[in-house]
Amino acid sequence: DWGKLLAEARDAKGPTHTRALAVTARHADGDRKAAAREALAERLCRMTPATLRAMLTADDAELRRAAALACAMKDDKDHIPDLIAALTDADDAVTRAAKAGLKSLTGKDLGPVAVPTAEQKSAAAAAWKDWLAKEKK
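Residues numbered from 1 in each chain as written. Predicted model: local features only at pLDDT ≥ 70, side-chain atom pairs only at ≥ 80, totals over all residues. Heavy atoms only, no water.

A. Representation of the pattern of salt bridges within the structure. Here the structure, examined in full by the defined rule, presents 11 salt bridges. The closest approach of N and O atoms between R53 and D82, which form a salt bridge, is 2.9 Å. In this pair, R53 sits in helix α4 (residues 49-55) while D82 sits in helix α6 (residues 80-86), placing the two residues 29 residues apart along the sequence. The exposure class of R53 is partly exposed, given its relative accessible area of 33%. What emerges from the salt-bridge pattern is a single network uniting R10, D11, E42 and R46. (Salt bridge = Lys/Arg side-chain N within 4 Å of Asp/Glu carboxyl O. Helix = DSSP H or I, 4+ residues; strand = E, 2+ residues; numbered from the N terminus. Buried < 20%, exposed > 50% of the residue type's maximum accessible area, 1.4 Å probe, protein only.)

B. Representation of the packing of aromatic side chains in the model. Per the counting criterion, the structure on display carries one aromatic pair. Ring plane angle 80° and centroid distance 5.7 Å describe the contact between W128 and W131, whose orientation is recorded as edge-to-face. With W128 and W131 both in helix α8 (residues 118-136), this residue pair falls three residues apart, about one helical turn. This pair shows no difference in class: W128 is buried, exactly as W131 is. The lysine or arginine in question, R32, covers the ring of W2, its NZ or CZ lying 4.3 Å from the ring centre. (Phe/Tyr/Trp six-rings, centres within 6.5 Å; stacked < 30°, edge-to-face > 60°. Lys NZ or Arg CZ within 6 Å of the ring centre and 35° of its normal.)

C. Spotlight on the nonpolar core. Residues L40, L44, L52, I80, L83, I84 and L102 are the most contacted members of the largest nonpolar core, which totals 36 residues. Those elements that provide at least two residues to this core are α1 (2-11), α2 (15-27), α3 (30-44), α4, α5 (61-73), α6, α7 (92-106) and α8. Among the elements that line this core, the one with the most residues is α5, at six residues. Ignoring anything within four residues of it in the chain, the contact list for L83 reads A68, C71, A98, G101, L102 and L105. (Core = buried A, V, L, I, M, F, W, Y, C linked by side-chain atoms within 4.5 Å. Contact = heavy atoms within 4.5 Å.)

D. Fine view of the packing of α1 against α3. Remark: α1 packs on α3, axes separated minimally by 9 Å, with the N-to-C direction vectors making an angle of 25°. When the axes of α1 and α3 are compared, the pair comes out roughly parallel. When the axes of α1 and α3 are compared, the crossing they make is right-handed. Residues W2, L6, A9, R10 and D11 of α1 pack against R32, A35, A36, A39, E42 and R43 of α3. (Axes fitted to C-alpha atoms, helices over the stretch in contact; angles between N-to-C directions. Parallel < 35°, antiparallel > 145°, perpendicular 65-115°, else oblique. Left-handed = near helix turned anticlockwise from the far one by under 90°.)

E. View of unusual backbone geometry. Omega for the peptide link from G111 to P112 comes to 10°, which places this bond in the cis form. Inspection of the secondary structure puts P112 in the loop between α7 and α8. Unlike most non-glycine residues, D75 shows phi in positive territory, near 55°. Note on placement: D75 falls in the loop between α5 and α6.

F. Region of the structure containing α5. The end-to-end C-alpha separation of α5 is 18 Å, in line with the 18 Å expected for 13 residues at 1.5 Å each. Within α5, 10 of the 13 residues are buried, leaving the element largely enclosed by the surrounding structure. Among all positions in α5, only E62, L63, R64, R65, A66, A67, A68, A70, C71 and A72 are buried. The secondary structure elements touched by the buried residues of α5 are α2, α3, α4, α6 and α7. One side-chain oxygen at the N-terminal end of α5 lies 2.7 Å from the backbone nitrogen of E62; it belongs to D60. D75 sits one or two positions beyond α5 and adopts a positive phi of about 55°. (Expected span 1.5 Å × (residues − 1). Polar contact = N/O pair within 3.5 Å; in protein donor to acceptor, adjacent residues only side chain to side chain.)

Such coordinate-based values are descriptive only and should not be taken to indicate function.
Structure, rendered in C-alpha cells:
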C-alpha cells in the first residue's frame, strides 16, 4: 500500500528515510510524486532549525524544496531570512516553495513571478531583504 509505505518512511527515524522520500519524490509521477513530496515536507517539520537551514542548501533540489515548505509549516518567522536566500535557488520548484513559505509567514507577496529569470529571483530577494530590514526597525 503506497500510502502506508509513505507514512512509515515519513515517521521512521534516521536519515535513510529522508533520502528515500527525496529519491521517491524525484522519480515518481503525478499523485505519487505529490504524496511523496508532502510526506517529505511533513517529515522535515520535525527537524531542528539548524537541520532545516542545512537542508535548504543540500545538493538535492527535492530536499531544498521540502525544507522551504517545512520552514513555513513550522510557522517560525525566524526562518524568513533562510527563505529569502532560497528565492535565488537555481531550481524553480525551490524558489516557488520559498515564495510560498514567505507568503504564508508574512501575508505579503514581494515576488518573484511564477517562472522567474535569475534576475527576477535576485530582484525579489532584494525586495524581501528590504522589507525584512524595515520590519526589524
